Structures are given as structure tokens and as C-alpha cells.
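Chain by chain, the residues:
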Amino acid sequence: MAKYYDEIPESLIEWIKKQHMFWVASAPLGPGGHVNVSPKGTADCFHVVNSHQVWYQDLTGSGVETISHIRENGRITILFNSFEGPPRILRLYGIGTVYEYGTQEYESFIPPEARKPGSRAAIVIDVYQCQTSCGYAVPIYNFATHRTQLLRSFHMKELHDRTTAFAEINPKGLKAYWALKNTSSVDGLPGLLTAPDSKVACLSVFDEEGPRPKLHRLSSGDVKVLSTSANLAIGFAIGALVATALPRILSFTGKFSTRA
């Protein structure tokens, strides 16, 4: 069932490029530390350099577990699932390196014209092994679209930073958020070290006029239609049951009456 590779096969590289989301797993060395699993799903964040190296653009969140764990021990696993087409699970085992926003290494991976709002680091992973398994228990889902709430939210925070004097920190800006939420993990390990104090302007690419995907909520009319359909289905099932059982009941009753 499971297959192991010393590098990422070309066929899997092409498959990775078609996926819409992935998961990142990491953990501290201490036995009492929190194991972390984070879903990532923004378009064009994950990139394959070659069969031994991948990287992704790490967007700001309310925590900083992956960055903290990589700083401590380097261990990281990337997980992909196939939700459409043939089933498959892919794991990439590797050693990670964190390049924070505002460093030359970060900009070599993520220049301003490719940076997404809220981007705080480039996570580069040297893959030493990958594994595929069946994925037979993974449900089938149809992809609708990517959410834009996170990008839109941090775009607004970056606007606050851009309208603030160069030497000041805007309390509503992204760098203030980093200082508040992203400097240490839940276990107290160091998180972002230099990004909150970076003097580099937060430049990114975001279409403010772009679509805002929303969940489809059922209207009262939809609910009534569903309710009516359900009642019809139940009525049909009961009718079919009665039509099947009634002749047998009558037949049995007749035989019983004759014997009496």
C-alpha cells in the first residue's frame, strides 16, 4: 500500500502543482510540548524547486507554531490529500529553514510583486524522503474556490502600516500584530525574531475589487422545498410499505379466521 521514495518523483511533482491545499505538521522536542498541524490553502503559496526541495509562502496567523518548531529542531512534514480523481495521500518529510520577512533570503524567494498580504516568512524544506499511501478513506470533495478573508484582512493591516511614519509602529498594522501574536509559540519557543521590527515597507499584491466568495445559505423558500420533498419521500416510503405488507396481513388474517 505505502511506497517510499528518496526524492519526489516527477509524476508526483506535477500532481502537487494541481492540489488546492496542504497540511503542515511539526512538534517541539520536549515530551510535554504541543504537536501542531496547520492547514494551508491560499492559491500559489506552495512551490517545488526540484525533487529534493520545496518551499511555501507562510501567511500570518494567530499562532506561530511551525516557525518556532523549525527554529528549535528543523523537523517538518507536509501532507497532501487527493480530494478529486484517484485517491492518494502524499507526505514529504524534511528539514525546514525559516527566512523571515525583511531579509534578503526572504526577498530572493518572495519579491514584492509576488508577495501576498500578511506574508511573514518563506519556509524552505529540504526533502529527504516522501511517502505515498492509498487514501481510500479520504472523502471526495469538489473544489469551489479559495477564500479571500485572510488576504483581505491583512491587506487592511498593511495599509495601516503604509500610512504610518517610517519610524513608528501603527497599533492597527501588521507589524504590531506580529509583535503581539507571533513572537513565541504556545510552549514559549521563539517565533518571529526580526520581522516585527523590520524597516522594509509591507508591499504586496492584492486585488481589492476581486470576488468575495461566500457560503450559500438556504433561503426560507429553499427550506420549504426541501421540507416538502422530504415529506413526499417519507409518504412514498410509508405507502410502499403498506402496499407490500397489507396483502400479507389480510392473507394471514383470513387463514386464521378459517381455522377458528
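See the structure shown above.
Numbering of residues starts from 1 in every chain and runs along the sequence as written. pLDDT decides what is reported in this predicted model: residues at 70 or higher carry local features, side-chain atom pairs at 80 or more are listed and counted, and totals for whole chains, interfaces and linings draw on all residues regardless. Side-chain numbers here rest on the full set of heavy atoms in the structure, without hydrogens or water.

Things to note about the pairing of strand β2 (residues 22-26)
Step number 1: Three labels apply to residues, based on accessible area from a 1.4 Å probe with only protein chains included: buried if under 20% of the type maximum, exposed if over 50%, partly exposed otherwise in between. Helical segments are the DSSP runs of H or I of at least four residues, strand segments are the runs of E of at least two, and each set is numbered from the N terminus. Where burial is concerned, most of β2 is hidden: four out of the five residues are buried.
Step number 2: Both β2 and strand β3 (residues 36-40) contribute to a ladder of five bridges, which runs antiparallel. Its bridge partner lying in β3, S26 is registered against N36.
Step number 3: Examined bridge by bridge, β2 and strand β6 (residues 75-81) share three bridges and lie antiparallel to one another. Residue V24 lies in a different strand from β6, and its bridge partner there is I78. In this scheme, strands are said to pair when DSSP sees at least two bridges between them.

Brief notes about the nonpolar core
Step number 1: Core analysis: the biggest nonpolar cluster contains 37 residues, and F46, Y56, I78, F80, L92 and I123 have the highest contact counts within it.
Step number 2: By the convention used here, residues are in contact when the closest approach between their heavy atoms is within 4.5 Å. Once residues within four sequence positions are removed from consideration, F46 is found in contact with I16, F22, V54, W55, Y56, I78, F80 and L92. Throughout, nonpolar core names a set of buried Ala, Val, Leu, Ile, Met, Phe, Trp, Tyr and Cys residues whose side chains join them through atoms within 4.5 Å.

Overview of the layout of surface pockets
Step number 1: Both site types are read off a 1 Å grid over the protein atoms alone. A 1.4 Å probe that fits but cannot get out defines a cavity, while an open set with protein on both sides within 12 Å along at least five of seven lines defines a pocket; lining residues have an atom within 4 Å of a point. Grid points are joined across faces, edges and corners, and a volume is the space filled by probe spheres set on the points. Space inside the largest pocket adds up to approximately 1300 Å³.
Step number 2: Taken together, 46 residues line the largest pocket, and the ones lying closest to its centre are M21, K40, G41, T42 and R147.
Step number 3: Of all the secondary-structure elements, those providing two or more residues to the lining of the largest pocket are β3, β5 (53-59), α2 (65-73) and α4 (149-162).
Step number 4: Gly counts as polar in this scheme, as do all residues outside two lists: the nonpolar Ala, Val, Leu, Ile, Met, Phe, Trp, Tyr, Cys and Pro, and the charged Asp, Glu, Lys and Arg. Residue composition of the lining of the largest pocket, by class: 17 nonpolar, 19 polar and ten charged.
Step number 5: Looking at the second largest pocket, it is lined by 17 residues, and the ones nearest its centre are K17, Q19, D44, C45 and F46.
Step number 6: For the lining of the second largest pocket, the secondary-structure elements that each account for two or more residues are α1 (10-17) and β4 (46-50).

As for the pairing of β5
Moving residue by residue along a regular strand, the side chains alternate between the two faces of the sheet.
Step number 1: Counting buried residues in β5 gives six out of seven residues, a clear majority hidden from the surface.
Step number 2: Linkage of β4 to β5, two consecutive antiparallel strands, is achieved through a turn of two residues.
Step number 3: Here β5 pairs with strand β8 (residues 119-133) via seven bridges, running antiparallel. Bridged to Q53 within β8 is D126.

A closer look at the packing of α4 against helix α5 (residues 174-181)
Step number 1: The contact between α4 and α5 brings their axes to 7 Å, and the two run at 110 degrees. When the axis of α4 is compared with that of α5, the two are roughly perpendicular. Taking contact as the criterion, the partners of F154, K157, E158 and D161 in α4 are, on α5, L174, K175 and Y177.
Step number 2: Classifying every residue of the contact of α4 with α5 gives three nonpolar, no polar and four charged. A fitted line through C-alpha atoms serves as each axis, taken over the contacting stretch for helices, and the angle formed by two N-to-C directions is quoted from 0 to 180°. If an angle is under 35 degrees, it is roughly parallel; if it is over 145, roughly antiparallel; if it lies from 65 to 115, roughly perpendicular; otherwise it is oblique.

What about the packing of aromatic side chains?
Step number 1: The aromatic pairing rule takes the rings of Phe, Tyr and Trp, using the six-membered ring of Trp, and pairs them if the centres are within 6.5 Å, calling planes under 30 degrees apart stacked, those over 60 edge-to-face and the rest tilted. Within the structure shown, the criterion is met by twelve aromatic pairs.
Step number 2: A ring pair is formed by W15 and F80, whose centres lie 6.3 Å apart and whose planes are at 70 degrees; its orientation type is edge-to-face. Placement of W15 in helix α1 and of F80 in strand β6 is noted, with a sequence separation of 65 residues between them. Accessibility assignment for this pair places W15 and F80 in one class, buried.
Step number 3: Summarising the aromatic geometry, the rings of Y99 and F109 are spaced 6.0 Å apart at their centres and angled 15 degrees between planes, so their arrangement reads as stacked. Remark: F109 occurs in helix α3 (residues 104-109) and Y99 occurs in strand β7 (residues 89-100); sequence separation between them is ten residues.
Step number 4: Given a relative accessible area of 24%, F109 falls into the partly exposed group.

Here's the deal with α2
Step number 1: Counting buried residues in α2 gives seven out of nine residues, a clear majority hidden from the surface.
Step number 2: Among all positions in α2, only E65, T66, I67, S68, H69, I70 and N73 are buried.
Step number 3: Just downstream of α2 lies G74, where phi reads positive at about 80 degrees.

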